[in-house]
Amino acid sequence: MAGPPAPPVTQQVGRARGCGRRPERPEQEQLREAARCLVLDADGSSVPFQALYGEQKAIVVFVRNFLCYTCKEYVEDLAKVPKAFLQESNVRLIVIGQSSYHHIKPFCSLTGYTHEMYVDPQREIYKILGMKRGEGNKASVRSPHVKSNTLLGSVRSIWRAMTGPAFDFQGDPAQQGGALIIGPGNEVHFLHLDKNRLDHVPINTVLQLAGVKTVNFSNKPQVIDI
């Protein structure tokens, strides 16, 4: 369901590496290196990263790990983005994790996510794009898509690890994620590097920056004037 019109975005803001506030932009050398990396699909088939955005614009969301409760709840909301909205704007929506490809299908089933998903098991693209490891300052950030508190969310994550077919963390638990809007070609429209597990870019912000209709993520019914 389309949400109410979002306020116009006047600046595409990322985390500045130097002084001041400016959008982060990977260097062309970094992009060329990342483009050559291979990601795996749910069947274990390899795909060059560049193939995901070479022909059309793509929203690429890098998640921490598939056991992370904040990632699970964020992807649950990504699952609510209608495919028709993406097709109308000719934009792909892609999630990339950093676990074994065996975890893709169970994670999609758990979250209801039906868009594209791949993994970068060696975290090569994460490293090239400068995505962080470890938890930064959490005082000033709060993801609008995370509903669980830290205790409850952590308990659920541990339980999923213990009851899964293999006890693993489904990726490096210290790795942070990010969001990238790129393509067609190597044109980077937006890059955000998460400082910690709650530092997600609001999904409607990413959709708007990519030229896609926004979504009503609340459970409240919309009032439509006739």
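Quick note: structure is the one above.
Because the structure is predicted, anything quoted here is derived from the model rather than measured.

Draft legend 1. Broad picture of the overall build of the protein. Along the protein, the regular secondary structure elements total seven helices and seven strands. Listed N to C, the secondary structure of the protein is α-β-β-β-α-α-β-α-β-α-α-β-β-α in terms of helices and strands. For the protein, with 226 residues in total, the buried portion stands at 48%. Taking contacts inside the protein between residues at least 6 apart in sequence as the whole, the part at least 24 apart equals 73%. Counting only carbon and sulfur atoms, one obtains 55% of the accessible surface of the protein, whose full area is about 11,300 Å².

Draft legend 2. Summary view of empty space enclosed by the protein. On inspection of all chains with the given rule, the structure shows two cavities of 30 Å³ or more. For the largest cavity, the calculated volume is near 80 Å³. If you trace the largest cavity, you find it lined by Val-61, Phe-62, Val-63, Arg-64, Cys-71, Tyr-74, Gly-178, Ala-179, His-192, Asp-194, His-200 and Val-201. Mapped onto the lining of the largest cavity, the elements with two or more residues apiece are β3 (57-62), α2 (69-78) and β6 (178-182). Looking at the lining of the largest cavity, its residues break down into seven nonpolar, three polar and two charged. Roughly 40 Å³ of volume is contained in the second largest cavity. If you go around the second largest cavity, the residues you meet are Ile-59, Val-61, Tyr-74, Leu-78, Val-81, Leu-93, Ile-203, Val-206 and Leu-207. When contributions to the lining of the second largest cavity are tallied by element, the ones reaching two or more residues are β3, α2 and α7 (203-209). Considering every element that reaches the lining of the second largest cavity, the biggest residue donor is α7, with three residues.

Draft legend 3. Up close: the pattern of salt bridges. All chains considered together, the criterion is met by five salt bridges. The residue Asp-43 makes a salt bridge to Lys-105 at a minimum N-O spacing of 3.2 Å. With a gap of 62 residues between them, Asp-43 in the loop between β1 (38-40) and β2 (46-48) and Lys-105 in helix α4 (residues 104-111) connect regions that are remote in the sequence. In this structure, Arg-92 engages Glu-116 in a salt bridge whose closest nitrogen and oxygen atoms are separated by 2.5 Å. In this pair, Arg-92 is assigned in strand β4 (residues 91-97) and Glu-116 in strand β5 (residues 116-119), connecting sequence segments 24 residues apart.

Draft legend 4. The nonpolar core, seen in detail. Core analysis: the biggest nonpolar cluster contains 34 residues, and Ile-59, Leu-78, Tyr-113 and Met-117 have the highest contact counts within it. What Ile-59 contacts, discounting residues up to four positions off in sequence, is Val-91, Arg-92, Leu-93, Ile-94, Leu-180, Ile-181, Val-206, Leu-207 and Ala-210. With 25 residues, the next largest nonpolar core counts Val-39, Ile-128, Met-131 and Ile-182 among its residues.

Draft legend 5. Structural detail: the pairing of β4. Burial runs high along β4: seven of the seven residues are buried. Of the pairings in the sheet, the one linking β3 to β4 comprises six bridges and is parallel in character. Each bridged residue has a counterpart across the sheet, and for Ala-58 the counterpart in β4 is Arg-92. Across four bridges, the pairing between β4 and β5 is parallel. Paired with Val-95 across the strands is Met-117, a residue of β5. Handedness of the β-α-β unit built from β4, α4 and β5 comes out right-handed.

Draft legend 6. Layout of the pairing of β3. The element β3 is extensively covered by neighbouring structure, given that five of its six residues are classed as buried. Two elements, β3 and β6, share five bridges in a ladder whose sense is antiparallel. Across the sheet, the residue bridging to Ala-58 is Ile-182, located in β6.

About the cut-offs
- The residue count restarts for each chain, going from 1 along the sequence in the order it is written.
- Side-chain atom pairs in this predicted model are given and counted only at pLDDT of 80 or more, local residue features only at pLDDT of at least 70, and totals for whole chains, interfaces and linings cover all residues.
- To get the side-chain values, take all heavy atoms of the structure and skip hydrogens and water.
- Secondary structure elements follow DSSP: runs of H or I of four or more residues count as helices, runs of E of two or more count as strands, with numbering from the N terminus.
- Partly exposed residues are those whose accessible area sits between 20% and 50% of the maximum for their type, while under 20% is buried and over 50% is exposed, using a 1.4 Å probe and protein chains only.
- Only heavy atoms matter for contacts: two residues are in contact if any of them lie within 4.5 Å across the pair.
- Here the accessible surface of atoms and residues is derived via Shrake-Rupley with a 1.4 Å probe, and residues count as covered only by protein chains that are part of the display.
- Cavity and pocket criteria rest on a 1 Å grid covering protein atoms alone: a 1.4 Å probe that fits but cannot get out defines a cavity, protein on both sides within 12 Å along at least 5 of 7 lines defines an open pocket, and an atom within 4 Å of a point defines a lining residue.
- Grid points are joined across faces, edges and corners, and a volume is the space filled by probe spheres set on the points.
- For this classification, Asp, Glu, Lys and Arg are treated as charged, while Ala, Val, Leu, Ile, Met, Phe, Trp, Tyr, Cys and Pro are nonpolar and the rest, including Gly, are polar.
- Any Lys or Arg side-chain nitrogen found within 4 Å of a carboxyl oxygen on Asp or Glu counts as a salt bridge.
- Take the buried Ala, Val, Leu, Ile, Met, Phe, Trp, Tyr and Cys residues and link them wherever side-chain atoms come within 4.5 Å; each set so joined is a nonpolar core.
- Strands are treated as partners if at least two bridges between them are detected by DSSP.
- Classification remark: right-handed applies to a crossover when, strands pointing away from the viewer, the course from the first strand over the helix to the second runs clockwise.

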